[in-house]
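# Structure at a glance
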Amino acid sequence: MHPGRLKLIIPLAALAFANACQTVQYTGRSQFLLISESEEKKMGIEAYKAILKKAKLSKDRKKVALVRRVGRRIAKHANKPDFQWEFNLVDDDKQINAFCLPGGKVAFYTGILPVAEKEIGVAVVMGHEIAHALARHGAERVSQGMLVQGGGQLLSAAIGAKTPHQQNLYRQLYALGTGVGIMLPYSRKNESEADKIGMILMAKAGYDPAEALLFWQRMEAATSGKKGRGGSLEKFLSTHPTSRDRQEQIKAWLPEIYKKYYKPKK
Ligand SMILES: [Zn+2]
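A brief report on the enclosed structure follows.

Cut-offs and rules
- Residues numbered from 1 in each chain as written.
- Predicted model: local features only at pLDDT ≥ 70, side-chain atom pairs only at ≥ 80, totals over all residues.
- Helix = DSSP H or I, 4+ residues; strand = E, 2+ residues; numbered from the N terminus.
- Buried ≥ 20, exposed ≤ 12 C-beta atoms within 10 Å, placed from the backbone.
- Contact = placed C-beta atoms within 7 Å.
- Pairing = 2+ DSSP bridges.
- Axes fitted to C-alpha atoms, helices over the stretch in contact; angles between N-to-C directions.
- Expected span 1.5 Å × (residues − 1).
- Arc of directions from axis to C-beta.

So, on to the overall build of the protein chain. Helices and strands together make up the secondary structure of the protein chain, namely 13 helices and five strands. Expressed as a percentage of the 266 residues in the protein chain, the buried residues total 37%. Restricting to contacts in the protein chain with at least 6 residues of sequence separation, those with at least 24 account for 71%.

So, on to the sheet that holds strand β4 (residues 98–101). The strand order β3-β5-β4 describes an open sheet built from three strands, whose pairing is mixed. Of all strands in the sheet, those bounded by a partner on one side alone are β3 (86–90) and β4. For this sheet, the mean angle separating the axes of adjacent strands, direction not counted, is 15 degrees. Sheet topology note: the β4/strand β5 (residues 105–109) ladder contains four bridges and is antiparallel. What sits directly across from alanine 98, in β5, is phenylalanine 108. Each of β4 and β5 is contacted by helix α6 (residues 119–134), which is oriented at about 35 degrees to β4, the strand it contacts most.

In this section: helix α10 (residues 188–204). Between its terminal C-alpha atoms α10 stretches 24 Å, which fits the 24 Å expected from 17 residues at 1.5 Å a residue. For α10, the tally of buried residues reaches 13 of 17 residues, placing the bulk of the element in the interior. Looking at the residues trailing α10, positive phi occurs at glycine 206, about 95 degrees.

Relative to the helices and strands, proline 81 resides in the loop between α4 (61–75) and β3. Taking the C-beta count within 10 Å as the criterion, proline 81 has 5 such neighbours and is therefore assigned exposed.

Moving on, we come to helix α3 (residues 37–54). Given a rise of 1.5 Å per residue, 18 residues ought to cover 26 Å, and the 26 Å separating the end C-alpha atoms of α3 matches this to within 8%. Inspection of α3 places Glu40, Lys41, Met43, Gly44, Ala47, Tyr48 and Ile51 among the buried residues, and these make up the whole buried set. End-on view of α3: buried residues confined to an arc of 160 degrees, all on one side of the axis. Pointing more than 90 degrees away from the buried face of α3 are the exposed residues Ser38, Lys49 and Lys53.

What follows deals with the pairing of β5. Within a regular strand, side chains alternate between the sheet's two faces. For β5, the tally of buried residues reaches five of five residues, placing the bulk of the element in the interior. The alternating pattern of β5 places Lys105, Ala107 and Tyr109 on one face and Val106 and Phe108 on the opposite face, and all of these are buried. Both β3 and β5 contribute to a ladder of five bridges, which runs parallel. Each bridged residue has a counterpart across the sheet, and for valine 90 the counterpart in β5 is tyrosine 109. In sequence, β4 turns back onto β5 through a hairpin of three residues, with glycine 103 there showing a positive phi of about 100 degrees.

Right, let's get into unusual backbone geometry. In this structure, asparagine 79 is a non-glycine residue whose phi angle is positive, near 55 degrees. One can find asparagine 79 in the loop between α4 and β3. With a phi angle near 75 degrees, glutamate 117 is a residue other than glycine that sits in the positive phi range. Looking at the element boundaries, glutamate 117 is found in the loop between α5 (113–116) and α6.

Shown next, in the form of structure tokens:
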């Protein structure tokens, strides 16, 4: 069939759906996305600015340098020349958290550094957070939210219309403007995928991916007995659940990741 005619025959919505299926690099999982990468990046950059505006940046040069050094080293292997990478350290010891927004906008909170312990621990967190952005988990969550919001919303999103209501939806889903601790929890599936891709990235960058197991063990130790107090630890757990399953998965992935991706730095 003539491609020009095809365009006329297939309804717009169907076309949008056909374009909505993407495959995640490294894991091959298909995902359903209703926003474009450029749209997603715009949102990420906007959210990052809003968060940093309210945050107090760390003045600890050594720690800032550490986060940036690890960030650059891992970002080199993320294969995202269109990202404008930025790595900042927010001075907040109560937040045991970190995130990477689309477009390569990374923030660590000082509270996660004691759990990271050292450079390679920072690499575990860095790999994991960058993996969320690479695998477009934020866009996936936004898309699922759009589906829940119904068909009209869906179609306007698919054709790129920007209604105020839709912008509000973005705001909710990226939790933009709520200040600290911004990210809503990802699904277990996305968490697990970020673990795996994060380990691949750190391995490619020359960090031993086995540290991921030690990091999550430290996290479990740091958080055990402290649940239910409504503090930052609980908040971190809600976005990054620690579990024995998670550690078992990490163990199971290690041989493959060593074989295919690990290039120790000499
Ligand atoms: Zn995560």
